[in-house]
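Single-letter residue listing:
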Amino acid sequence: MIIYNKTWLTNLDIQDQIRPSLAAGELTKEEFKNIEKAYPVGFYSPNIFVRSGLFLLTCVIALFGGCLLTYLAWDLVTAHSGAWVLFLGLISYIALEVIVKTKHHFRSGTDDALIWISGGLFCVAFTWLTFTMDWDFRTTMNTTISMVAFTFILSLFLAIRFADSLMSLFCFLTALLLAVLLAIDHLSFGKEILPFLVMLLSALVYYFSWSKSSHLKFIHYQHCLRFLQTGSLLTLYLAGNYYVVQELGNELYGYTTIGPYKVPYPIFFWPWTIMVPFIYTGLGLYKKNVILLRTGLILIAIAAVTFKNYYHVLPIESTLVLIGLITLGGSYWAIRYLKTPKKGFTSEELSEDTIPGGINVESLIIATTQLDTPSGTENRFGGGDFGGGGSSSNF
Amino acid sequence: MNIDLYKKLNAEGLISAKTLENVFEKDKNPLFSLHWELKTLLYLGVTLLSTGLGVLIYKNIDTIGHQFILLFIAAICVGSFFYCVKNRNPFSREKVKSPSSFYDYILLLGCLSLLSFLGYLQFQYHVFGDNYGLATFIPMLILFYVAYEFDHIGVLSMGITNLAIWLGATITPFTILSNGLYSSDPLIVPYLFLGLLLLTAAYLSERYNFKKHFKFTYQNFGVNISFIALFTGYFSFYEHPLSFLWLITVLILAFILYQDALKNKSFYFLLLVILYAYAAISTLVVRVLFNMDSEAAFVMGLLYFIGSAIGLIIALIQLNKKIKEI
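Residues numbered from 1 in each chain as written. Chains lettered and ligands numbered in written order. Predicted model: local features only at pLDDT ≥ 70, side-chain atom pairs only at ≥ 80, totals over all residues. Heavy atoms only, no water.

### Concerning the overall build of chain A
To keep things clear, this is the line we draw: Helix and strand definitions here come from DSSP, where helices need a minimum of 4 consecutive H or I residues and strands a minimum of 2 consecutive E residues; each element is numbered from the N-terminal end. In this analysis, two residues are considered to be in contact whenever any of their non-hydrogen atoms come within 4.5 Å of each other. Surface exposure here means Shrake-Rupley accessible area, sampled with a 1.4 Å probe, where a residue is shielded only by the protein chains that are shown.
A count of helical and extended segments in chain A gives 15 helices and three strands. Excluding contacts between residues fewer than 6 apart, the proportion of contacts in chain A whose partners are at least 24 apart in sequence is 63%. For chain A, the accessible surface area stands at approximately 20,900 Å², while carbon and sulfur atoms represent 69% of it.

Structure representation (structure tokens):
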């Protein structure tokens, strides 16, 4: 089913597995070169800059190529617009298959772009065709459901065929959306159980992607499974987040006779909102699982914002100062504490994290976030731009 | 860690017994690094704290409490710099390894609170009078001094931004893109001057081997600012008969930077320069075709984009190979 050369994929996996040892210095460069020779990889997968360049240029070619074809066949296009889009989709898909098979592109930017372009064109074509042919879609709900179902099946196919991690995440999200729509449409109590339905599905997907992550059968899908783990952890939490439930409930029910929508069972949803991020973080530390840990840390911030949204304990600026001091102090303590590794944890980095070209990622982040300086060149220190040269709050 | 894999590789004679032993040893005590998590938390803490303090004085101005807040900010600033001076490594023209990541962020906190403090002084007491040039020049000098003295790239970026404010321009790629393209003409020359100044600084850092690792930051700002200024110049003088000279300048500058990027094997700058040059050529081609105003010109335009993009893809792939070989 997978389009790429499986031996190469396996070899690539082997190289990726031993690369940390090379960085840590246990493996000599010569040994690594020998391994590269013994387990060759013939894919064309360039570095991130070439990849983004190729992605951009492929989009340019697809756009103008599509325009040219449409222009040449204009009479045909006006008569069968839906079929035309389908035709364009087929062309880009064939181009994708040819490039992957003959030029061995693998995550090169070109294949990334074509996967999304052809998928998008197919979806547009499907919608167009089903609208004009007027199948038995009486209600808009049915149309939406059929569209989502089509998108789901298509993205599942693309995710499996090209082992694309973003596509698999997208596929998971459409699956969730499909389940939600079906529940609303076909179950009389569908609306009431939505949060629990999403939680259940996310939990199942997380369990699946976590338990199968080192399974031999899914060895070529490790990237996808990692993305799925992160995605399902996020949806599992968000399905029970108080703010999300409140807002979506408002959308679904609106104002009823008993006044605005109120979240039922706050006794369940509030603890869920606050506790789950800490449970993730704790489990992540306990199991030494990076995905759980990082997702948990991000969600702690979201939980704090949610809480702040409903309960104003302190004014915003004092909260910022307080949290800032606690975070600084806490991380200072943790860095000191872990200076010599304890219980298998360390605060030192195991290998240098630089992207090819020797660019320091951290300095780029500081440069892009800290520097959103007050605009306006006159009266620079007046008004609300009080942060001086960079204490603005978008991070 | 997949021990079986290493065993297999050993059995195939690809790795030595000693390497295998090393791997075994490491596998017994696997380490889990919290480095990036802690660093992110530090960064978050510094940002939250300085933002919170900034808002705090702003909201409390003209009350009795604000002097305490000011004192608090001054204390943080002095404390941060004191910590940094105490823990620093001696100055050197080369890259100085930072003592710890905590040190880096404390230095950042010190600079941020210093800026808040100076900003407050100007706002409340008009220390620099109505001379806004001076009010931005002094923080800028301090930031550059700190960046070089303590070897901190983050502070250097802040210094460059302050330099831009001083020159009457505000820079981040986003603000330039959002309001730069069609903004008034008087800003183009300062932008361009700033861009070229930064490129010169990048060149000099390397040439005289003085904090060579700062070159990337200078060049990153310099490249983007100069090119965007040139494009803005072209579009603001679009009707002028000599407006194409702006784009010619883009190509000349691109060529110089291209040579430099090739020499330094920096694919990032290579890609950036190529894309800017491509944009310049395409702008000219599209303009010529627009002037023809016929169906044939439309088709030619489409063909141009398809052909040039394919050509560029091949060129990028070849260049990548070339850079790897050097």
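Still more ground to cover, so stick around.
### Brief notes about the overall build of chain B
Stated precisely, the cut-off is as follows: The rule is simple: take the accessible area with a 1.4 Å probe, protein chains only, and divide by the maximum for that residue type; under 20% is buried, over 50% is exposed, in between is partly exposed. Within this scheme the basic residues Lys and Arg register as positive and the acidic residues Asp and Glu register as negative, but His and the chain ends are omitted. One atom stands in for each charge, and that atom is NZ of Lys, CZ of Arg, CG of Asp or CD of Glu.
Each helix and strand in chain B was counted, giving 13 helices and one strand. Walking chain B from its N terminus toward its C terminus, one meets helices and strands in the order α-α-β-α-α-α-α-α-α-α-α-α-α-α. Projected onto its principal axes, the C-alpha coordinates of chain B cover approximately 75 × 70 × 35 Å. Out of the 326 residues in chain B, the part that is buried amounts to 52%. Expressed as a percentage of contacts within chain B between residues at least 6 apart in sequence, the contacts between residues at least 24 apart total 64%. Within chain B, the 19 negative side-chain charges are centred at a point lying 9 Å from the centre of the 22 positive side-chain charges.

### Some points on the packing of helix H4 (residues 65–87) of chain B against helix H5 (residues 101–125) of chain B
Residues and elements named next belong to chain B. What counts is decided by this rule: Between N-to-C directions, angles cover 0 to 180 degrees, with each direction set by a line fitted to C-alpha atoms, over the stretch in contact for helices. For any helix crossing, the convention is left-handed if the near helix is rotated counterclockwise from the far helix by under a right angle, and right-handed if that rotation is clockwise. For this classification, the nonpolar set comprises Ala, Val, Leu, Ile, Met, Phe, Trp, Tyr, Cys and Pro, the charged set comprises Asp, Glu, Lys and Arg, and every other residue, Gly included, is treated as polar.
H5 packs onto H4 with a crossing angle of 145° between their chain directions and a minimal axis gap of 8 Å. When you trace H4 past H5, the crossing you get is left-handed. Within the contact of H4 with H5, the residues separate by chemical class into 18 nonpolar, seven polar and no charged.

### A closer look at a nonpolar patch on the surface
Residues and elements named next belong to chain A. For clarity, the threshold we go by: Residues with no salt bridge and a relative accessible area higher than 30% make up the patches, which join like charges within 9 Å and nonpolar side chains (Val, Leu, Ile, Met, Phe, Trp, Tyr) within 5 Å. When a carboxyl oxygen of Asp or Glu is within 4 Å of a side-chain nitrogen of Lys or Arg, the pair counts as a salt bridge.
A cluster of nonpolar side chains, Phe-307, Tyr-311, Val-313, Leu-314, Leu-322, Ile-323 and Ile-326, forms an exposed patch at the surface whose accessible area comes to about 650 Å². At three residues, helix H14 (residues 316–337) tops the list of elements feeding residues into the nonpolar patch. Mapped onto the fold, Phe-307 is located in helix H13 (residues 290–310). A relative accessible area of 34% means that Phe-307 is categorised as partly exposed.

### Let's talk about the confidence of the model for chain B
Residue and element names in this part refer to chain B. Using the following cut-off: Across the chain, each position has a pLDDT score giving the predictor's confidence in that residue, from 0 to 100.
Scored by pLDDT, chain B comes out at a mean of 83, with 92% of its residues at no less than 70. Considering only residues more than four positions removed or in separate chains, one finds that residues 169–174, a stretch of pLDDT under 50, has 22 contacts. The ipTM value of the predicted complex is 0.82, and its pTM value is 0.82.

### Regarding the state of the cysteines
Residue and element names in this part refer to chain B. Operational definition: Throughout, disulfides are identified as pairs of cysteine sulfur atoms within 2.5 Å of each other.
In this structure the tally under the stated criterion is zero disulfides over all chains. Not engaged in a disulfide, the cysteine Cys-84 finds its nearest cysteine sulfur in Cys-111; these two sulfurs lie 8.1 Å apart. The thiol of Cys-111 is not disulfide-bonded; the next cysteine sulfur, from Cys-77, is found 7.9 Å away.

### Describing the pattern of salt bridges
All names here are of chain A. Going through the model one piece at a time under the given rule, you end up with eight salt bridges over all chains. Residue Arg-51 pairs with Asp-112 through a salt bridge whose shortest N-O separation is 2.9 Å. Taken together, the residues Arg-51 in helix H3 (residues 48–72) and Asp-112 in helix H6 (residues 110–133) connect sequence positions 61 residues apart. Residue classification places Asp-112 among the buried positions, given a relative accessible area of 9%. Beyond isolated ion pairs, a larger network of salt bridges with shared partners links Glu-97, Lys-101 and Arg-161.

### A closer look at the environment of Leu292(A)
Residue and element names in this part refer to chain A. Residue placement: Leu-292 occurs in helix H13. Owing to a relative accessible area of 8%, Leu-292 belongs among the buried residues under this scheme. The spatial distance from the C-alpha of Leu-292 to the C-alpha of Ser-165 is 18 Å, given a sequence separation of 127 residues. When residues no more than four places from it in sequence are discounted, the contact partners of Leu-292 are Tyr-206, Leu-233, Tyr-280, Thr-281, Leu-283 and Gly-284.

### Here's the deal with the side chain of Thr58(A)
Our working definition: N or O atoms closer than or at 3.5 Å make up a polar contact, with two conditions inside protein: a donor-capable atom paired with an acceptor-capable one, and, for residues adjacent in sequence, both atoms drawn from side chains.
Turning to its location among the elements, Thr58(A) is positioned in helix H3. On the basis of relative accessibility, which here comes to 6%, the residue Thr58(A) falls in the buried class. One polar contact links the side chain of Thr58(A) to the main-chain carbonyl oxygen of Leu54(A), over a distance of 2.5 Å. If we skip the residues at most four places from it in the chain, Thr58(A) touches Thr110(A), Ala113(A), Leu114(A) and Ile313(B).

### A few points about the nonpolar core
Here is the rule: Buried residues of nine kinds, namely Ala, Val, Leu, Ile, Met, Phe, Trp, Tyr and Cys, make up a nonpolar core once their side-chain atoms join them within 4.5 Å.
Judged by nonpolar contacts, the single largest core of 110 residues is most densely connected at Tyr218(B), Phe227(B) and Phe267(B). If one sorts the elements of this core by residue count, H5(B) sits on top with 13 residues. Those residues in contact with Tyr218(B), other than ones at most four positions away along the chain, are Phe144(B), Tyr148(B), Leu156(B), Ile160(B), Leu198(B), Ala201(B), Ala202(B) and Ser205(B). Ala183(A), Met199(A), Trp270(A) and Val276(A) belong to the second largest nonpolar core, which has 27 residues in total.

### Let's talk about the packing of aromatic side chains
Condition: We call Phe, Tyr and Trp rings a pair once their centres come within 6.5 Å, taking the six-membered ring for Trp, and we label the pair stacked below 30 degrees between planes, edge-to-face above 60, and tilted otherwise. Charge over a ring is defined by NZ of Lys or CZ of Arg lying within 6 Å of the ring centre and within 35 degrees of the ring normal.
What the rule picks out here adds up to 43 aromatic pairs over all chains. Seen from their ring centres, Tyr4(A) and Phe162(A) are 6.4 Å apart, and the 75° between their planes marks the pair as edge-to-face. Here the residue Tyr4(A) occupies a position in the segment before helix H1 (6–24), and Phe162(A) occupies one in helix H7 (residues 140–162), the gap between them amounting to 158 residues. Their ring planes at 10° and their centres at 4.3 Å tell us that Phe64(A) and Phe305(B) sit as a pair that is stacked. Separated into two different chains, Phe64(A) in helix H3 and Phe305(B) in helix H13 (residues 295–325) make up a pair that spans both. Neither residue differs from the other here; Phe64(A) and Phe305(B) are each classed as buried. Taking the ring centre of Phe345(A) as reference, the NZ or CZ of Lys288(A) above it sits at 4.9 Å. Between the NZ or CZ atom of Arg287(B) and the centre of the ring of Tyr238(B), over which it lies, the distance is 3.9 Å.

### Looking at the side chain of Ser232(A)
Within the secondary structure, Ser232(A) sits in helix H10 (residues 222–238). Dropping the residues within four chain positions of it, Ser232(A) is found in contact with Phe172(A), Ser202(A), Val205(A), Tyr206(A) and Ser209(A).

### Notes on the environment of Cys84(B)
Tracing the chain through its elements places Cys84(B) in helix H4. Ignoring any residue separated from it by four or fewer positions in sequence, one finds Cys84(B) in contact with Tyr103(B), Ile106(B), Leu107(B) and Phe150(B).

### Structural notes on the packing of helix H3 (residues 35–60) of chain B against H5(B)
All names here are of chain B. Put simply, the rule reads: Under this scheme an angle from 65 to 115 degrees is roughly perpendicular, one under 35 degrees roughly parallel, and one over 145 degrees roughly antiparallel; angles in between are oblique.
Viewed as axis vectors pointing N to C, H3 and H5 meet at an angle of 10°, and their least axial separation amounts to 10 Å. Regarding the angle of H3 to H5, the classification is roughly parallel. Read as a crossing pair, H3 and H5 show a hand that is right-handed. Touching Lys-39, Leu-42, Tyr-43, Val-46, Leu-49, Ser-50 and Ile-57 of H3 are Ser-101, Phe-102, Tyr-105, Leu-108, Leu-109, Leu-112, Ser-116 and Tyr-120, all from H5.

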